[in-house]
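Chain by chain, the residues run as shown.
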Amino acid sequence: MVEKSVQEINTKIEDGSVNVVTAEEMVGIVEELGAEGAAKEVDVVTTGTFGAMCSSGLMLNLGHSEPPIKIQKIWFNDVEAYSGVAAVDAYLGAAQNSDVRGIQYGGAHVIEDLLRGKEINVHATSYGTDCYPRKVLDTSITLEDLNEAFLLNPRNAYQKYAAATNSSKRILHTYMGELLPKFGNVTYSGAGVLSPLSNDPEYQTIGIGTRIFMGGAQGYVIGNGTQHSPNNGFGTLMLRGNLKDMSPDYVRAASFTGYGATLYMGIGIPIPILNEKLAASTAVRDSDLVTEILDYGAGSRDKPLIREANYAELRSGSVEIQGKEVPTSSMSSFKNARKIANELKEWVNNGKFFLSMPVEGLPRDRKVKPMKQTQAVPLVKDVMSDFIVTIKKDQTVRDAAKKIWENSFNHVAVISDSGELVGLVTAWDISKAVAENRFDSVETIMTKKVLSCAPNEPVDLAARRLDRNGVSAMPVVDTQTRVLGIITSDNISKLFARRY
Amino acid sequence: MKIKIIIPTDTIHNPIIAESMLETNVLLNIMVANIDSTYGELIADVKDSQFNRIKKALESKGAVVAVLDQPITRDEEECVDCGACISVCPMKVYSFDENWSLCVDDKKCIQCGMCIKMCPHGALKLGE
């Protein structure tokens, strides 16, 4: 039995006798010495991760202006921050996009620009009070000018993350990068063998108050992250660190095409080897860490599971899906994760970094819940017109014109003898036929490739389809393609008119 | 040499690639083609000596032709060596070395631009 305390390890750091290895090196050490031998030998295992962490942001204090202002709205380089906290405090979210430049530039970019010493334009507005009379403020600041500039990141350092792929026929632009059609690629995130929480999955040493490597500075774990879901191995951390001490090597702005701004954070956590259980858990390998490959093609919250895969498979460069070798891409940098684990190791070795035990552990029995939604999503059948004018395909253009005129309806569904939808004729089609002097059967003038939808589809999906195809109406059909009604852009505008 | 042919919306319904090839007898080896009902973009290989002829023919029919003589370039300051580009490149330009540093074999590049959209750090550029 090996039992060590953090105090004993810190004494060793002080006198320079501490033995620190990275989580990658620990794999071989435990293989060779066993968990007990490794626990005797090794005092600290360092971890590292470097990837997109959208749930990050900067809490800052500007100092008071003359005359003073109680800021209600504020922008940094046209990126809006939240300022409903006192007068000159603001929280700038990494994933907030610029009002002017769009998704190319966001809160993350302002954070990186501050860190690189650049000047940032500030625009703020207020309503004016007796104690804070000012209503508008324009200035420019650098990181130095701020009283406080703390990264307060609500959800960082996911224990592991689901990989992404795409079964649909079009390229998807996602926060997991470009997903090519028909399982063209798989993207994944996470440092595997070096992942901080995966090396201490019972959270024995990681909790509130754990001192960590954060963006190149010393920071702290301040609790579990949002969406912390330890029951299925998706734990997360909430972190705090002083931006003024950080380095742009480990805090990097990014933008995903079609998605938006995000912040790449470098995080490293030292794990004190207090007993052989921790020695064993820090020997975790890529092949031990299993995650899911999910299909982003559906566009809904519950993404279908395509298969499971471990990090060794994902990092090998390809995985098999439906008998095909599919190339993989990492969205996080293993090279930088390794650099962080090594830098943290140096810090501890050189007596620059001391370990701390958490004052409170992280929740270990929890699972993330979906959103409670009180408003039912309206379905096509709730808003469609169940009255639709139909015409048989062998009737004449004149018959169609008459039907449109009698019913004051712009669309006529063309049906076969057995009642199935075969086409659509609009008032425009008829005008065109008349202009061209064509009066034979409607079959010759109708649109044959008709978009249609099902009665149980959500209205927003139907609306997106109308919009993408540039049409104003779609017949609603049952599973036998019999016409039940029609949904038009009019129906959809009425839905919104009712709502607001 | 590799060339990029853009077919704008107003000529998308005309078979201008086929017309140009028939008219000039110059063969284009089409390597990438993204064409839909509104816009088209192709990357093709053509013999240096025949380039001017096919360019003239294509442009007379409304296409925009550009020579792709600069393969992809990587800004090493911006690149974080994540490897996002690896799986979207049809030509396997990108790979990791044994230290998980990104390697770029730009001789294979057909300048399709897929990796540019994929790169979260804006580290990849064409035509510079």
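From a predicted model like this one, the values you see are computed outputs, not experimental measurements.

## A short note on the interface of chain A and chain B
Accessible area lost upon the coming together of the parts serves often as the stated size of an interface. The interface is formed by 29 residues belonging to chain A together with 22 residues belonging to chain B. Contact between chain A and chain B buries roughly 1,900 Å² in total, counting both sides, with carbon and sulfur atoms accounting for 54%. For the chain A face of the interface with chain B, the top three residues by lost area are Glu178, Arg252 and Lys335 of chain A, together amounting to 27%. The interface formed by chain A and chain B holds 13 residue pairs in polar contact (both at pLDDT 80 or more) in total. Considering each element in turn, the side of chain A that touches chain B owes the most residues, 5 residues, to strand β21 (residues 251-256) of chain A. Its residues assigned to classes, the side of chain A that touches chain B shows 12 nonpolar, 12 polar and 5 charged.

## Observations concerning the sheet that holds strand β1 (residues 2-7) of chain B
All names here are of chain B. Ordered by their spatial adjacency, 4 strands build an open sheet running β2-β3-β1-β4, and the pairing between neighbours is antiparallel. Looking along the sheet, the strands with just one partner apiece sit at the ends: β2 (29-35) and β4 (64-67). On average, each strand axis in the sheet is tilted by 15° relative to the strand beside it, whichever way the strands run. In the sheet, β2 pairs with strand β3 (residues 40-45) via 6 bridges, with the strands oriented antiparallel.

## Considering the packing of aromatic side chains
All names here are of chain A. Within the structure shown, the criterion is met by 12 aromatic pairs over all chains. Here phenylalanine 50 and tyrosine 264 contribute two aromatic rings whose centre-to-centre distance is 5.9 Å and whose plane-to-plane angle is 50°, an arrangement assigned as tilted. Of the two residues, phenylalanine 50 is situated in strand β3 (residues 49-52) and tyrosine 264 in strand β22 (residues 260-268); the sequence distance between them amounts to 214 residues. Judged by its relative accessible area of 0%, tyrosine 264 falls in the buried class. Joined through ring pairs, the aromatic side chains of Tyr175, Phe256, Tyr259 and Tyr296 make up one cluster.

## A few points about the pattern of salt bridges
Applying the stated rule across the entire model yields 26 salt bridges over all chains. Residue glutamate 76 of chain B pairs with arginine 74 of chain B through a salt bridge whose shortest N-O separation is 3.9 Å. Assessed through its relative accessible area of 61%, glutamate 76 of chain B is described here as exposed. Given the relative accessible area of 23%, arginine 74 of chain B is considered partly exposed. A salt bridge links aspartate 81 of chain B to arginine 74 of chain B, with the nearest nitrogen and oxygen atoms 3.9 Å apart. Shared partners join several salt bridges into a network, and the residues in it are Lys335 of chain A together with Arg74, Glu76 and Asp81 of chain B.

## Digging into the side chain of asparagine 61 of chain A
Residue and element names in this part refer to chain A. With respect to the helices, strands and loops of the structure, asparagine 61 is situated in strand β4 (residues 57-61). Within the local environment of asparagine 61, its side chain forms a polar contact with the backbone nitrogen of glycine 63, the two atoms lying 2.9 Å apart. A distance of 2.8 Å separates polar atoms of two side chains, one belonging to asparagine 61 and the other to asparagine 147. Residues within four places of asparagine 61 in sequence aside, it is in contact with Val88, Asp89, Leu146, Asn147 and Glu148.

## Things to note about the environment of threonine 11 of chain A
Residue position: threonine 11 of chain A is located in helix α1 (residues 6-15). For threonine 11 of chain A and glycine 351 of chain A, which are 340 residues apart along the polypeptide, the C-alpha to C-alpha distance reads 9.9 Å.

## With respect to helix α2 (residues 51-60) of chain B
All names here are of chain B. Regarding α2, the residues found buried are Phe51, Ile54, Ala57 and Leu58. All buried residues of α2 fall inside an arc of 140° around its axis, so they share one side. Among the exposed residues of α2, those oriented more than 90 degrees off its buried face are Asn52, Lys56 and Ser60. Lining the buried residues of α2 we find β1, α1 (16-24) and β4.

## A short note on the packing of helix α8 (residues 397-407) of chain A against helix α9 (residues 427-435) of chain A
Residues and elements named next belong to chain A. Closest axis-to-axis distance for the α8/α9 pair is 10 Å, and the angle between their directions is 140°. Comparing their axes, α9 and α8 come out oblique. In terms of crossing hand, the pair formed by α8 and α9 is left-handed. Of the residues in α9, those in contact with Val397, Ala400, Ala401 and Ile404 of α8 are Ala427, Ile430 and Ala433. Residues belonging to the contact of α8 with α9 are distributed by class as follows: 7 nonpolar, no polar and no charged.

## What to know about the side chain of glutamate 178 of chain A
Of note, glutamate 178 of chain A is situated in strand β15 (residues 177-179). Despite being buried, glutamate 178 of chain A has no salt bridge partner; lysine 117 of chain B is the closest side chain of opposite charge, sitting 5.2 Å away. A distance of 2.6 Å separates polar atoms of two side chains, one belonging to glutamate 178 of chain A and the other to histidine 173 of chain A.

## What about the sheet that holds strand β2 (residues 44-46) of chain A?
All names here are of chain A. The strand order across the open sheet formed by 3 strands is β1-β2-β23, and the pairing between neighbours is mixed. Each edge of the open sheet is held by one strand with a lone partner, namely β1 (20-22) and β23 (270-272). Sheet twist, expressed as the average angle between the axes of neighbouring strands with direction ignored, equals 25°. Bridge count between β2 and β23: 3 bridges; the pairing is antiparallel. Paired with valine 44 across the two strands is proline 272, which belongs to β23. Its contacts with the sheet put helix α6 (residues 334-349) on β1, β2 and β23, and the angle it makes with β1 is roughly 175°.

## Brief notes about the domain arrangement of chain A
All names here are of chain A. Looking at chain A, the domain boundaries give domain 1 (6-53 + 152-361), domain 2 (63-146) and domain 3 (380-499). Relative to domain 2, the C-alpha centre of domain 1 lies at a distance of 32 Å. Tallying the contact residues gives 20 residues for domain 1 and 17 residues for domain 2. Here domain 1 meets domain 2 over a buried area of about 1,400 Å², counting both sides, of which 67% is carbon and sulfur. Summed over the three residues of domain 1 that lose the most area to domain 2, namely Leu243, Lys244 and Ala261, the buried surface amounts to 37% of that side. Across the contact surface, domain 1 and domain 2 share 0 salt bridges.

Definitions and limits used
Residues numbered from 1 in each chain as written. Chains lettered and ligands numbered in written order. Predicted model: local features only at pLDDT ≥ 70, side-chain atom pairs only at ≥ 80, totals over all residues. Heavy atoms only, no water. Contact = heavy atoms within 4.5 Å. Buried area = accessible area lost by both parts, 1.4 Å probe. Polar contact = N/O pair within 3.5 Å; in protein donor to acceptor, adjacent residues only side chain to side chain. Helix = DSSP H or I, 4+ residues; strand = E, 2+ residues; numbered from the N terminus. Nonpolar A, V, L, I, M, F, W, Y, C, P; charged D, E, K, R; others polar. Pairing = 2+ DSSP bridges. Axes fitted to C-alpha atoms, helices over the stretch in contact; angles between N-to-C directions. Phe/Tyr/Trp six-rings, centres within 6.5 Å; stacked < 30°, edge-to-face > 60°. Buried < 20%, exposed > 50% of the residue type's maximum accessible area, 1.4 Å probe, protein only. Salt bridge = Lys/Arg side-chain N within 4 Å of Asp/Glu carboxyl O. Arc of directions from axis to C-beta. Parallel < 35°, antiparallel > 145°, perpendicular 65-115°, else oblique. Left-handed = near helix turned anticlockwise from the far one by under 90°. Lys, Arg positive; Asp, Glu negative; His and termini not counted. Domains from an automatic or database assignment.

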